[in-house]
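Listed below, chain by chain, are the residues.
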Amino acid sequence: MAKPTKHAGTICTILGVIALVGIVLGILRSNALITILLLIPTAVYEVYRTEGESTRWASWVLLLVLVAEVLLVALGIQFDLASFLGEEQRYVAGYEVPIGDVKVVGPAIMAVLALILIVRTRGRYTKWLAGIILVTSFAIVYAIDPTVFARWIRLALDQGLNLLR
């Protein structure tokens, strides 16, 4: 059953502003927890709006990963995946991905799930929410570790340039 859209645009705008405030405060205070907490309302509304089978599971997993990320950051859990795996980078779907602190894995998973939602859904509001989540996921990585963020951006640019060649 289609979800009502009467106030969806207003709700998405408000959630976008809340996420933007979270991004700005999180980066200014170097505190990813602020950014993560202010993204939760968007993720909850995304769960409510999704209707398709694949988009429903993607939005639920996204919300669960976000909650797990809250716990990792709030409890200050430090776990270096690179040392554990014995390598600085891993190939994922044919791309070399830099790895590090376990806390940056959650936003990476959230970004992938947001991309799935953008591609797989037909609803413009669901796409809008997924876009907010995608952008905020990158901000969370930046707030956690700007050096990992820089490596990810460099990797994305390299891959983009390779596609143009």
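Residues numbered from 1 in each chain as written. Predicted model: local features only at pLDDT ≥ 70, side-chain atom pairs only at ≥ 80, totals over all residues. Heavy atoms only, no water.

Participant: Outline the overall build of the protein chain, supporting the account with residue identities and numerical values.
Facilitator: When helices and strands are tallied, the protein chain shows seven helices and two strands. Element order for the protein chain, N to C, with α for helix and β for strand: α-α-α-α-β-β-α-α-α. Pairs at least 24 residues apart make up 67% of the contacts formed inside the protein chain by residues separated by at least 6 positions. Counting every atom, the protein chain has about 9,400 Å² of accessible surface; 67% of that belongs to carbon and sulfur. (Helix = DSSP H or I, 4+ residues; strand = E, 2+ residues; numbered from the N terminus. Contact = heavy atoms within 4.5 Å. Areas by Shrake-Rupley, 256 points an atom, 1.4 Å probe, with all protein chains shown as cover.)

Participant: Give me the lowdown on a nonpolar patch on the surface, citing residues and values where you can.
Facilitator: A surface patch of nonpolar side chains, amounting to about 360 Å² of accessible area, comprises V67, L71, L75 and I77. As for its position among the elements, L71 is in helix α3 (residues 53-74). (Patch = residues over 30% accessible without salt bridge, like charges linked within 9 Å, V, L, I, M, F, W, Y side chains within 5 Å. Salt bridge = Lys/Arg side-chain N within 4 Å of Asp/Glu carboxyl O.)

Participant: Can you explain the packing of α3 against helix α5 (residues 105-120)? Please cite residues and give values.
Facilitator: Helices that pack against each other are described as a pair by the angle of their axes relative to one another and the distance between those axes. The N-to-C vectors of α3 and α5 enclose an angle of 160°; their axes lie 9 Å apart at closest approach. If you check the angle between α3 and α5, you find them roughly antiparallel. The element α3 and its partner α5 pack so that their crossing is left-handed. Two secondary-structure elements touch here, α3 through S54, T55, W57, A58, S59, V61, L62, V65, L66 and E69 and α5 through G106, P107, I109, M110, L113, A114, I116, L117 and R120. (Axes fitted to C-alpha atoms, helices over the stretch in contact; angles between N-to-C directions. Parallel < 35°, antiparallel > 145°, perpendicular 65-115°, else oblique. Left-handed = near helix turned anticlockwise from the far one by under 90°.)

Participant: Just give me the short version of the packing of aromatic side chains, but keep the residues and values in it.
Facilitator: The description of an aromatic ring pair rests on the distance of the ring centres and on the angle between the ring planes. Inspection of every chain in the model, using the stated rule, returns two aromatic pairs. Between Y45 and Y48, the ring centres sit 5.8 Å apart and the planes meet at 20°, which makes this aromatic pair stacked. Pair noted here: Y45 and Y48 are both in helix α2 (residues 32-49), with a separation of three residues, about one helical turn. The exposure class assigned to Y45 is buried, which follows from its relative accessible area of 12%. For Y48, a relative accessible area of 40% gives the class partly exposed. Between Y125 and W128 the ring centres are 6.2 Å apart and the planes differ by 25°, which places this aromatic pair in the stacked class. (Phe/Tyr/Trp six-rings, centres within 6.5 Å; stacked < 30°, edge-to-face > 60°. Buried < 20%, exposed > 50% of the residue type's maximum accessible area, 1.4 Å probe, protein only.)

Participant: Please set out unusual backbone geometry residue by residue, giving values where relevant.
Facilitator: If you check the backbone angles, S30 has positive phi at about 50° while not being a glycine. Here S30 shows up in the loop between α1 (8-28) and α2. What makes S30 exposed here is its relative accessible area of 60%.

Participant: Give me the packing of α1 against α2: which residues, what numbers.
Facilitator: Running from N to C, α1 and α2 cross one another at 160°; their axes reach a closest spacing of 7 Å. Taken together, α1 and α2 sit at an angle that is classed as roughly antiparallel. Here α1 runs over α2; the crossing is left-handed. Note on element contacts: α2 touches α1 through I34, T35, L38, P41, T42, Y45 and R49, opposite A8, I11, C12, L15, I18, A19, V21, G22, I23, L25 and G26. The residue makeup of the contact of α1 with α2, split by class, is 13 nonpolar, four polar and one charged. (Nonpolar A, V, L, I, M, F, W, Y, C, P; charged D, E, K, R; others polar.)

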